[in-house]
Amino acid sequence: MRMKMALVLVMALGMAPNAVPAQVQVLDNTGGGREEVDAPSAGPASPVTPPPPCGTGEIAIAEMGWPSAAILANIHATLLRAEYQCGVRLVPGEPEATLASMATTQQPAVAPELWVSRQAEVWNGAMQASSARAAAATFTGGALEAWFVPSYVMENNSGLAAADDIMDHWQVFVPPGETRAELYSCPTDWACAIINRNMAAGLGLDERFDIVEPLDRFAMDGTITDAVSQRQPVLTYYWQPNALIDRLDLVPLDMGGFDAGNAQCMAIRDCVPFGGSGFAPDTVVIAVAEWVFSDTPDIADYFARASMPLDEMNRLLAWQAENEASPEAVAQHFLITGQDIWQGWVGEVEATEDGAAQ
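Residues numbered from 1 in each chain as written. Predicted model: local features only at pLDDT ≥ 70, side-chain atom pairs only at ≥ 80, totals over all residues. Heavy atoms only, no water.

Participant: For this particular structure, what's the right way to read the overall build of the protein?
Facilitator: When helices and strands are tallied, the protein shows 14 helices and 14 strands. A buried classification covers 46% of the 358 residues belonging to the protein. Considering only intrachain contacts with a sequence separation of at least 6, the fraction spanning at least 24 residues in the protein is 73%. Within the structure as shown, the protein displays about 17900 Å² of accessible surface, and the carbon and sulfur contribution to it stands at 51%. (Helix = DSSP H or I, 4+ residues; strand = E, 2+ residues; numbered from the N terminus. Buried < 20%, exposed > 50% of the residue type's maximum accessible area, 1.4 Å probe, protein only. Contact = heavy atoms within 4.5 Å. Areas by Shrake-Rupley, 256 points an atom, 1.4 Å probe, with all protein chains shown as cover.)

Participant: Honestly, the nonpolar core in this entry has me stumped. Any pointers?
Facilitator: Generally speaking, nonpolar side chains in soluble globular proteins are found buried as a group. Ile 75, Leu 80, Tyr 302, Phe 303, Met 308, Phe 334 and Trp 345 are the most contacted members of the largest nonpolar core, which totals 48 residues. In this structure, Ile 75 is in contact with Met 308, Leu 316, Ala 331, Phe 334 and Trp 345, ignoring residues within four places of it in sequence. (Core = buried A, V, L, I, M, F, W, Y, C linked by side-chain atoms within 4.5 Å.)

Participant: I keep staring at the packing of aromatic side chains and nothing clicks. Help me out?
Facilitator: Any pair of aromatic rings gets described here by the distance separating the centres and the angle formed by the planes. All chains considered together, the criterion is met by nine aromatic pairs. With 4.3 Å between their ring centres and 0° between their planes, Tyr 238 and Trp 239 make a pair best called stacked. Owing to a relative accessible area of 0%, Tyr 238 belongs among the buried residues under this scheme. Take Trp 239: its relative accessible area is 19%, and that puts it in the buried class. Here a set of aromatic residues connected by ring pairs shows up, and it is made of Tyr 84, Tyr 302, Phe 303, Phe 334 and Trp 345. Above the plane of the ring of Phe 293 lies Arg 133, whose end atom (NZ or CZ) is 3.7 Å from the centre. It is Arg 231 that lies over the ring of Tyr 152; its NZ or CZ is 4.2 Å from the centre. (Phe/Tyr/Trp six-rings, centres within 6.5 Å; stacked < 30°, edge-to-face > 60°. Lys NZ or Arg CZ within 6 Å of the ring centre and 35° of its normal.)

Participant: Sorry if this is basic, but what is going on with helix H12 (residues 310-323) here?
Facilitator: For an α-helix, the turn length of 3.6 residues means that residues three or four places apart are oriented alike. For H12, spanning 14 residues, the distance from its first C-alpha to its last is 20 Å, which sits close to the expected 20 Å at 1.5 Å a residue. Elements in contact with the buried residues of H12: helix H2 (67-84), strand E7 (139-140), helix H8 (243-247), strand E14 (308-309), helix H13 (327-337) and helix H14 (339-346). Taken from the residues just after H12, Glu 324 is the one with a positive phi, measuring 50°. (Expected span 1.5 Å × (residues − 1).)

Participant: Could you clarify how one ought to interpret a negative patch on the surface in this entry?
Facilitator: Residues Glu 155, Asp 246, Asp 249, Asp 311 and Glu 322 make up a contiguous surface patch of negative charge. Structurally, Asp 311 is set in helix H12. (Patch = residues over 30% accessible without salt bridge, like charges linked within 9 Å, V, L, I, M, F, W, Y side chains within 5 Å. Salt bridge = Lys/Arg side-chain N within 4 Å of Asp/Glu carboxyl O. Lys, Arg positive; Asp, Glu negative; His and termini not counted. Charge placed at Lys NZ, Arg CZ, Asp CG, Glu CD.)

Participant: Would you mind showing me how to read the state of the cysteines here?
Facilitator: A covalent bond bridging the sulfur atoms of two cysteines is what the word disulfide describes. For the structure shown, the criterion picks out two disulfides. The side chain of Cys 186 participates in a disulfide bridge whose partner is Cys 192; the two sulfur atoms lie 2.0 Å from each other. Residues Cys 186 and Cys 192 agree in their burial class; the two are buried. Between the sulfur atoms of Cys 265 and its disulfide mate Cys 271 the distance is 2.0 Å. Residues Cys 265 and Cys 271 are joined by a disulfide whose S-S torsion is about -115°; by sign, that bridge is left-handed. (Disulfide = S-S within 2.5 Å.)

Participant: Is there a simple way to explain the pattern of salt bridges in this structure?
Facilitator: Where charged atoms from two side chains of opposite charge come close, those side chains can pair. Under the criterion given, the structure shown has seven salt bridges. The shortest N-O distance in the salt bridge between Glu 290 and Arg 133 comes to 2.9 Å. Taken as a pair, Glu 290 in helix H10 (residues 290-295) and Arg 133 in strand E6 (residues 132-137) lie far apart in primary sequence, 157 residues in all. Using a relative accessible area of 33% as the deciding quantity, one classes Arg 133 as partly exposed.

Participant: Looking at this structure, I do not really get the pairing of strand E5 (residues 110-115). What am I missing?
Facilitator: Side chains on a regular strand alternate between the two faces of the sheet. In terms of burial, E5 is largely enclosed, as six of its six residues are buried. Pairing of E5 with strand E13 (residues 284-289), which is carried by four bridges, proceeds in the antiparallel orientation. From the neighbouring strand, Val 110 faces E13, where its bridge partner is Val 288. (Pairing = 2+ DSSP bridges.)

Participant: Would you mind showing me how to read the environment of Ala 69 here?
Facilitator: In this structure, Ala 69 sits in helix H2. Under the relative-accessibility criterion, Ala 69 is labelled buried at 2%. C-alpha separation for the pair Ala 69 and Ala 111, spaced 42 residues apart in sequence, amounts to 8.6 Å. Sequence-distant contacts of Ala 69, that is, excluding residues within four places in its chain, are made with Met 64 and Glu 113.

Participant: What's the story with the side chain of Asp 221 in this structure? I'm lost.
Facilitator: Topologically, Asp 221 is positioned in helix H7 (residues 217-229). The exposure class of Asp 221 is buried, given its relative accessible area of 17%. Apart from the residues within four sequence positions on either side, Asp 221 is in contact with Tyr 238 and Leu 244.

Participant: Mind showing me how you'd approach the confidence of the model for the protein here?
Facilitator: Do not read the predicted coordinates in detail wherever pLDDT is low. Per-chain confidence: the protein averages 85 in pLDDT, with 82% of residues scoring 70 or above. Of the regions scoring below 50 in pLDDT, residues 1-40 engages in 60 contacts with residues more than four places distant in sequence or in other chains. Contacts of residues 349-358 to residues separated by more than four positions or lying in other chains number nine contacts, the stretch itself having pLDDT below 50. (pLDDT = per-residue confidence, 0-100.)

Below you can see the structure in the form of structure tokens.
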């Protein structure tokens, strides 16, 4: 029976895999019956225990250098050790090198957060060579890039839910004493600065809005934080997963469907699209070596269920920042507070007395 208490799982961090007892019965060569084999030591024979679902080798998981990927690597390592009795090894990773290694050697076995659309050529090569494939999307539950507003703006403006609604509410975003509204964008030397300007023009917002481009990431975060602390009605570009989304309770607007032609125009300076488009989608997957699917199907099934809700990852990143916690500590925190999520990953199904699944 799998362990179900999160506290036990927390204690399992770093747990060595259970040893597989020596087998004490084998079939004879003729197939005519069983031949008893003496155990190595005197006394009752040890019971035969099947190997763990991940086999007897180690599962290598790539631990990338950015916070969300490191947290996911530690979460999966802990759950595989505790729930499946796997031997797990975390290996430092970098996206392109990790993907190239998976394509040629099928190691590491898992990369929990690979932005494969940014290494499309290497990823496509790995897929064509049947070396690796996606077990599932890394994140679920929302767009990775969007324009955000604080939750109190949503609560006070019930008709504001999408980018197309902004012009009907433009006066909400006018600073005190000003006549034009503001859209907080990203730093000028970032690609998103061009996209945000052209996207605003395509929606007709340039008639009412000034685009504010901060000097750098620190100025960007500081400006948004200061405005929200004063409960000002902020409209800002941002991305997730990110601690700031949870900490400031920012809500993404529906940016509309993706239009390839309009999106291509939005990426070119001074090109105003004929219509709107959402941000170009990024493909972020749990990349798994092909041998995991064939040799350890239970582990492949685990990763097929292991998509992390964006809201939860935003919460974990905020908790990490507030507590200056390591990825290992964040993983332990998730195992206690996120049981409703990870229990679905491990596929636990409890039955009632009449046998019906709950």
